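# Structural features, examined
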2 protein chains.
Amino acid sequence: MISKKMVGLVKGSSVIRAMFEEGKKMAQMYGAENVFDFSLGNPNVPAPQAVNDNIVKIVQEENSVVLHGYMSNVGFEDVRDAIAKSLNKRFDLDLEAKNIVMTVGAAGGLNVIFKTLLDPNDEVITFAPFFGEYKNYVSNFDANLVVVNPNPPTFEPDYVDFEKKISEKTKAVLVNNPNNPTGIIYKKEWIEKIASILEKKQKEYGTSIYLISDEPYRELVYGGEEVPYLTKYYRNTIVGYSYSKSLSLPGERIGYLVIPTQIDDYEDVFAAAGVATRILGFVNAPSLQQKLIKECLDEKTNIEAYNKNRIRLYEGLQECGFECVKPEGAFYLFMKAPIEDDSEFVKVAKEYNLLLVPASSFGVKGYVRIAYCVSYDTIERSMTAFRKLAQRYGLIK
Amino acid sequence: MISKKMVGLVKGSSVIRAMFEEGKKMAQMYGAENVFDFSLGNPNVPAPQAVNDNIVKIVQEENSVVLHGYMSNVGFEDVRDAIAKSLNKRFDLDLEAKNIVMTVGAAGGLNVIFKTLLDPNDEVITFAPFFGEYKNYVSNFDANLVVVNPNPPTFEPDYVDFEKKISEKTKAVLVNNPNNPTGIIYKKEWIEKIASILEKKQKEYGTSIYLISDEPYRELVYGGEEVPYLTKYYRNTIVGYSYSKSLSLPGERIGYLVIPTQIDDYEDVFAAAGVATRILGFVNAPSLQQKLIKECLDEKTNIEAYNKNRIRLYEGLQECGFECVKPEGAFYLFMKAPIEDDSEFVKVAKEYNLLLVPASSFGVKGYVRIAYCVSYDTIERSMTAFRKLAQRYGLIK
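Keep in mind the model is a prediction, meaning the values are calculated, not measured. (Residues numbered from 1 in each chain as written. Chains lettered and ligands numbered in written order. Predicted model: local features only at pLDDT ≥ 70, side-chain atom pairs only at ≥ 80, totals over all residues.)

### Observations concerning the overall build of chain A
Operational definition: Each helix corresponds to a stretch of at least 4 residues labelled H or I by DSSP, and each strand to a stretch of at least 2 residues labelled E; elements are numbered beginning at the N terminus. Two things to know: the radius of gyration comes from C-alpha atoms, and the globule rule equals 2.2 Å times the number of residues to the power 0.38. To sort residues by burial, count the other C-beta atoms lying within 10 Å of each one's C-beta; a count of 20 or more means buried, 12 or fewer means exposed, and anything in between means partly exposed. C-beta atoms are built from the backbone. Residues are treated as contacting if the C-beta atoms built from their backbones sit within 7 Å of each other.
Along its length, chain A carries 14 helices and 13 strands. Taking 2.2 N^0.38 as the reference for a compact globule, 397 residues should give roughly 21 Å; the C-alpha atoms of chain A span a radius of gyration of 21 Å, in line with that estimate. Along the first, second and third principal axes, the C-alpha set of chain A runs to 65 × 55 × 50 Å. Going through the 397 residues of chain A one by one, you find that 55% of them count as buried. Taking the contacts inside chain A whose residues are at least 6 apart along the sequence as the reference set, 72% of them involve residues at least 24 apart.

### Some words on helix α2 (residues 15-30) of chain B
Because an α-helix completes one turn every 3.6 residues, residues spaced three or four positions apart along the sequence face the same direction. Our working definition: Multiply 1.5 Å by the residue count of a helix minus one, and that product is the helix's expected span.
Compared with the 22 Å implied by 1.5 Å per residue over 16 residues, the 21 Å span of α2(B) between its first and last C-alpha is a close match. Elements in contact with the buried residues of α2(B): β1 (36-37), β11 (354-355) and β12 (357-358) of chain B.

### Some thoughts on the interface of chain A and chain B
Contacts between the two partners involve 68 residues from chain A and, on the opposite side, 68 residues from chain B. Elements with a contribution of two residues or more to the side of chain A that touches chain B: α1 (4-11), α2 (15-30), α3 (49-61), α4 (64-67), α6 (105-117), α7 (133-139), α10 (266-279) and α11 (287-295) of chain A. Top contributing element to the side of chain A that touches chain B by residue count: α10(A), with eight residues.

### Some points on the sheet that holds strand β13 (residues 367-371) of chain B
Residue and element names in this part refer to chain B. The condition is simple: DSSP bridges decide pairing: two strands pair if at least two such bridges lie between them.
Here we have four strands laid out as an open sheet, ordered β9-β10-β13-β12, and antiparallel in their pairing. Edge strands, defined here as strands with exactly one partner in the open sheet, are β9 (324-325) and β12. Of the pairings in the sheet, the one linking β9 to strand β10 (residues 332-336) comprises two bridges and is antiparallel in character. Bridge pairing links V325 to F334 in β10.

### What to know about unusual backbone geometry
Omega for the bond connecting A128(A) with P129(A) falls within 30 degrees of zero, at -5 degrees, which places this linkage in the cis form. As for its placement among the helices and strands, P129(A) is situated in the loop between β3 (123-127) and α7. A positive phi angle is found at N121(B), which is not glycine, with a value near 75 degrees. By the secondary structure assignment, N121(B) is in the loop between α6 (105-117) and β3 (123-127). With a phi angle near 60 degrees, R253(B) is a residue other than glycine that sits in the positive phi range.

### What about the packing of α6(A) against α10(A)?
If you want to describe how two helices pack, look at the angle between their axes and the distance between the axes. Residues and elements named next belong to chain A. Selection rule: Lines fitted to C-alpha atoms define the axes here, with helix axes fitted over just the stretch in contact, and angles between the N-to-C directions of these axes take values from 0 to 180 degrees. Between 65 and 115 degrees an angle is taken as roughly perpendicular, under 35 as roughly parallel, over 145 as roughly antiparallel, and anywhere else as oblique. For a crossing to be left-handed, the near helix must be turned anticlockwise from the far one by less than a right angle; the clockwise case is right-handed. Basically, the charged four are Asp, Glu, Lys and Arg, the nonpolar ten are Ala, Val, Leu, Ile, Met, Phe, Trp, Tyr, Cys and Pro, and anything else, Gly included, counts as polar.
Orientation of α6 relative to α10, taken along the N-to-C sense of each, is 120 degrees, at an axis distance of 8 Å. Between α6 and α10, the angle is such that the two are oblique. Seen along the crossing, α6 lies across α10 with a hand that is right-handed. Across from V112, I113, K115 and T116 in α6, the residues of α10 making contact are V269, A272, A273, A276 and T277. Here the contact of α6 with α10 is built from residues that sort into six nonpolar, two polar and one charged.

### Structural notes on the relation of the copies chain A and chain B
Keep this limit in mind: The copies are overlaid by a least-squares fit using only the C-alpha atoms of residues whose pLDDT is at least 70 in both copies.
Once chain A has been moved 0.0 Å along the axis and rotated by 180 degrees, it coincides with chain B to within an RMSD of 0.0 Å. Here the transformation between the copies is reduced to the relation of a two-fold axis. Within chain A, the C-alpha atom positioned nearest to the axis of rotation is that of V56(A), 2.7 Å from it. Both copies present the same face, since 100% of the interface residues in chain A are matched by interface residues at the equivalent positions in chain B.

### Describing the confidence of the model for chain A
Heads up, the condition is: Every residue is assigned a pLDDT by the predictor, reflecting its confidence on a scale from 0 to 100.
Within chain A, residue pLDDT values average 96, and 100% of them lie at 70 or more. Here the predicted complex carries an ipTM of 0.96, next to a pTM of 0.96.

### Some words on the domain arrangement of chain A
All names here are of chain A. Here is the rule: Where a domain begins and ends is set by an automatic assignment or by a domain database.
Segmentation of chain A into domains returns domain 1 (4-48 + 301-392) and domain 2 (50-295). Those elements that provide at least two residues to the side of domain 1 that touches domain 2 are α12 (303-319) and β10 (332-336). It is α12 that contributes the most residues to the side of domain 1 that touches domain 2, four residues altogether. Among the residues forming the side of domain 1 that touches domain 2, the class breakdown is 18 nonpolar, eight polar and three charged.

### Comments concerning the pairing of strand β13 (residues 367-371) of chain A
All names here are of chain A. Most of β13 sits out of view: five of its five residues are buried. Pairing analysis gives five bridges linking β10 to β13, with the strands arranged antiparallel. Bridge pairing in β13 places Y332 opposite A371. In terms of strand pairing, strand β12 (residues 357-358) meets β13 through two bridges, oriented antiparallel. Each residue of the ladder has a partner; that of P358, found in β13, is V368.

### Things to note about the sheet that holds strand β8 (residues 255-258) of chain B
Residues and elements named next belong to chain B. Ordered by their spatial adjacency, seven strands build an open sheet running β2-β8-β7-β6-β5-β3-β4, and the pairing between neighbours is mixed. A single partner strand is all that each edge strand has here, and the edge strands are β2 (100-103) and β4 (144-148). Strand after strand, the sheet turns through a mean of 20 degrees between neighbouring axes, direction not considered.

If you want it as C-alpha cells, here you go:
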C-alpha cells in the first residue's frame, strides 16, 4: 500500500545506512572494540568547544520567542549577512544576505535547489563515482541523473564523455568538492575545463546550465591543497554547504545555499528557493542552529585528527598491497577491491569485522569506500584485520 | 529558468507568509506598537523555562559526538521510546519506539508520510477550510487534494459530500485537529462518523484509506474540551505532531509521526517513512531538539495567556458586530467578513493596520483568520481599529 516508487527505494535503500544499522548490531554482538565500522561519514571528532559554549550563551541571552520562533523561510537576516561577509573575506567574493538561503544541511539544500530548478525529465549531470543519494534527490522531482563515466585512477573528470552527455535537457551539473567517495579535490584546472565546456554548451543550446557545487567537505583538506570557489570560474554557479563535517554537527541539520546575484534569473531562483524551503516541509533551517553558526564562523574542526588517520590508513593499506586513491580531502579513502565484484569483497571483509561500503552504490565498480572518521585506535587495530584480508587475496604473504 | 511548477507556486505563494513579511515592513514604517499583525501562527508565548534549562543541561552533560551526530533516520531510539510511553500514559495507547518517526516539525512529517504513501494521481481528501499548505504538500508528490465542501457556521464535516468524494483513488484523508483556521475541535462523534464512512468505503473498494491526523494544536484547547486520539477510532490512522506550538518551538522544526502497528502494511509504511525522511533531505530531525523533547514531555505552554486573548478578542469582535466562530482550540479566530470578497475586506482592514488572512487561502470564501498568538496588549489596542472597521461597514455606529 506504500507508493510504487517507494517500494523500489525501500528495497534498494542506502547500503551505507544499512551498514550503519548493521554495525550497531555487530558492536552489540562482538563488542564495539572488535568491530571496525568504516561505513558512515559520521564525524568522530567532537564539535569545537565553542559550539556547546555558544549554545549555552545563546539560550541564556537571546529573546526566547525570537530564538525559537519562525523567521523568513530563507533564514535569519543577521545570520545570512554574517555568512555572506565571512565568505567574502575568505574567498574574495561579493555576496550579501540576499544570496544566502539557510538550509536543513546540504541534503536539504540540494532538495531545495532541485525543487527550484527541475521540471520532469530534465537532466542533472554528475561524475562517477558520486554520492549515491544524488540519484534520489534528482528523482524526487522526476528528473534524471546522467552519470559521466569514471576515470580511474586519478578520477579527473572525463571531459569528452561529459561534453557528449550535455543536452538541451541538461538543467544542472552537480560536483562534489572535495569528493565523496574518492577523497580527491577538483582542482582549479579541472573546474576551468568544466566551465569552458558549459559555456560552450550554453551558447550552443541557448539554455542556462547551472553548476551546483556540493561542498560539505570544503574545510577538510590536507597538505595545503586549495579547493577553488566555483562561483569565480563559472557565472551560473550555485553552492551548497553544510556544517555537518566542518563543525561536526551532522545530526543538527544546518547548512546554506549560495545563490549569487550574477546567475541567470537570480530573482526567480532566490524567491523559488524560499518557497521550496517552505513547501518541501523544511519551513526553515533549525533556528537555534542558525544563530549558533553566526557565532562559530571562524571555528575549525580538529583536522589533524583526520589527517593522522588518513596517513596511517593510506600507508597501512599500501603495505598490505591494496591499491588506493590518495585522499586529498574529506575523510574517505577509495580503495580498489582485489576482485571485480566489490559487493562480494565487502562481504568477505565483514568476516574480519571490517565494514566497508561497496563502490557500486557510488556508480563505480571494483572499489570500496573507507570512511576514516573513526578513532585512531580503531584504525590502528583494524590493520590486523586488513592484513588478514590482504593475505586471503594473496596480496601479501 | 526555474521549474514550471515553481513559477505558479512563487506567484501564488503563501498569502500568510507574504503578510508576515509585509507586517515586518509595516512595523518598521509605523512602529511595531501601531501595527496589529494577526497573520502568522508564530507563538508569542515564550518556550517554558525548562526548554532553555534543559538545552544547557544537555550540551553540558551529553557526549557531544552522540548529541550532534547522525542517528537512525527515524530518530534516537531513547527519544522515540520516551514519546511512545508518554502517549501511552496520556491516551491509554499501546505504542512502542517502533511506532514513532521523529520529523522536522509537522510540515516535515506530512511530507514524509505523503512521500511514503502517494503515487501520482492518488487523491488525498481534506475538509474546507484547511491549512493552505496541504495543497502544496500533496502536489509535491503529484497527487491531488480533494476538498470536502465547508459547512458553516459550525464547520462540522459535510458527511454526505465527504462520502461522495471518496473514490478508488483515495489514498488518505487529512484532518487537522484542533483546526487551523477555524479553531474548532473535531469531536468524538464527528470522528466516529468519519471513521464509519471510511470503513464502509475501504470495504467497498477493497483499498486501504489512511486517516492522517495533523495535530500541532493538540495541547491548545480551552474550556476543558477533549481532543479525541484518532488511532482509537479508526485502525488505519497515522498521527502527525509538532512541538512548534505546544512548546513554542516553531523555528526549531521538531515533531514526530505515530505509525501504529495496527495499520495495513505497517512494516512497509514504517520502513518507507525512514527512507523518505532521508531522501527528502531531512536525513533526521534535529538531534539536539530530539534530546530536548525527551526531557520536556511533561512541559506545558502558558495556555492561559492564549485563553485570555481568545476571550477578549471573541467578545470584542462580537461587540463590534462581527460574526465569529467561537474558538475551542489552537490560537485562531475565524471571522465572517461583512462582504463576500474576503481579499477586499483584508485590504480595507490593512488601512487600519490590521493584518488578517483572507480565508480564500484556506479554501473558503467570505471569512478571515485572525491569529491571536500576540500580546494581550496588542489585542486590547487593536480593538479601536476593529471598531473603526466595523463602523466602516455599518455594523455599529
